[in-house]
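The chain contents come next:
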Amino acid sequence: SSSLPMPTASQQQPLHIVYALVVVYALCYQLQSPIEPFLVAQLSEANADAAAEYASLRTFFNCVQTVGSFLVGYLADVIGLR
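Along each chain, numbering runs from 1 in the same order as the chain's sequence is written. Predicted model: local features are reported for residues with pLDDT of at least 70 only, side-chain atom pairs are reported and counted for 80 or more only, and whole-chain, interface and lining totals are derived from all residues. Computation of side-chain values: all heavy atoms of the structure, hydrogens and water removed.

**What to know about the layout of surface pockets**
Link 1 in the chain: Of the grid points, spaced at 1 Å and generated over the protein atoms alone, those admitting a 1.4 Å probe that cannot get out make up cavities, while open sets with protein on both sides within 12 Å along at least five of seven lines make up pockets; any residue with an atom within 4 Å of a point is treated as lining. Grid points are joined across faces, edges and corners, and a volume is the space filled by probe spheres set on the points. Roughly 180 Å³ of volume is contained in the largest pocket.
Link 2 in the chain: Surrounding the largest pocket, Tyr25, Tyr29, Gln32, Glu36, Arg58, Phe60, Phe61, Asn62, Val64 and Gln65 form its lining.
Link 3 in the chain: In DSSP terms, a helix is any run of H or I states spanning at least four residues, a strand is any run of E spanning at least two, and both are numbered starting from the N terminus. The set of elements that each furnish at least two residues to the lining of the largest pocket consists of helix H1 (9-32) and helix H3 (50-79).
Link 4 in the chain: Here the lining of the largest pocket takes 6 residues from H3, the largest share from any one element.
Link 5 in the chain: Each residue is assigned to one class: nonpolar for Ala, Val, Leu, Ile, Met, Phe, Trp, Tyr, Cys and Pro, charged for Asp, Glu, Lys and Arg, and polar for all the others, Gly among them. Split by residue class, the lining of the largest pocket holds 5 nonpolar, 3 polar and 2 charged.

As structure tokens, this is what we get:
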């Protein structure tokens, strides 16, 4: 049985960039969630119900995420991971 050759440093660099971008994305997502209600209240119109607008915003994002996850899963099955 032969072992696979170790990737060189130049081959590992793109992978490190992808890992760093995933970490930054996850941190930004986690840090934005607690301040979203305050942003919606500040940016909404004076006579608008901020709680209803926040609920609508979260519902929209969750629906898009659900549809997107099914789409990405389907594409991963059809095209395959590269």
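So that's the structure; there's more coming.
**Overview of a nonpolar patch on the surface**
Link 1 in the chain: Every patch collects residues that have over 30% relative accessible area and no salt bridge, joining them within 9 Å if they carry like charges and within 5 Å if they are nonpolar side chains (Val, Leu, Ile, Met, Phe, Trp, Tyr). Residue burial considers only the protein chains on display, and all accessible areas are found by Shrake-Rupley using a 1.4 Å probe. Only one rule defines a salt bridge in this text: a Lys or Arg side-chain nitrogen within 4 Å of an Asp or Glu carboxyl oxygen. A grouping of Leu71, Tyr74, Leu75, Val78 and Ile79 is seen on the molecular surface, where their side chains present a nonpolar patch of about 510 Å² in accessible area.
Link 2 in the chain: Assignment of secondary structure puts Ile79 in helix H3.

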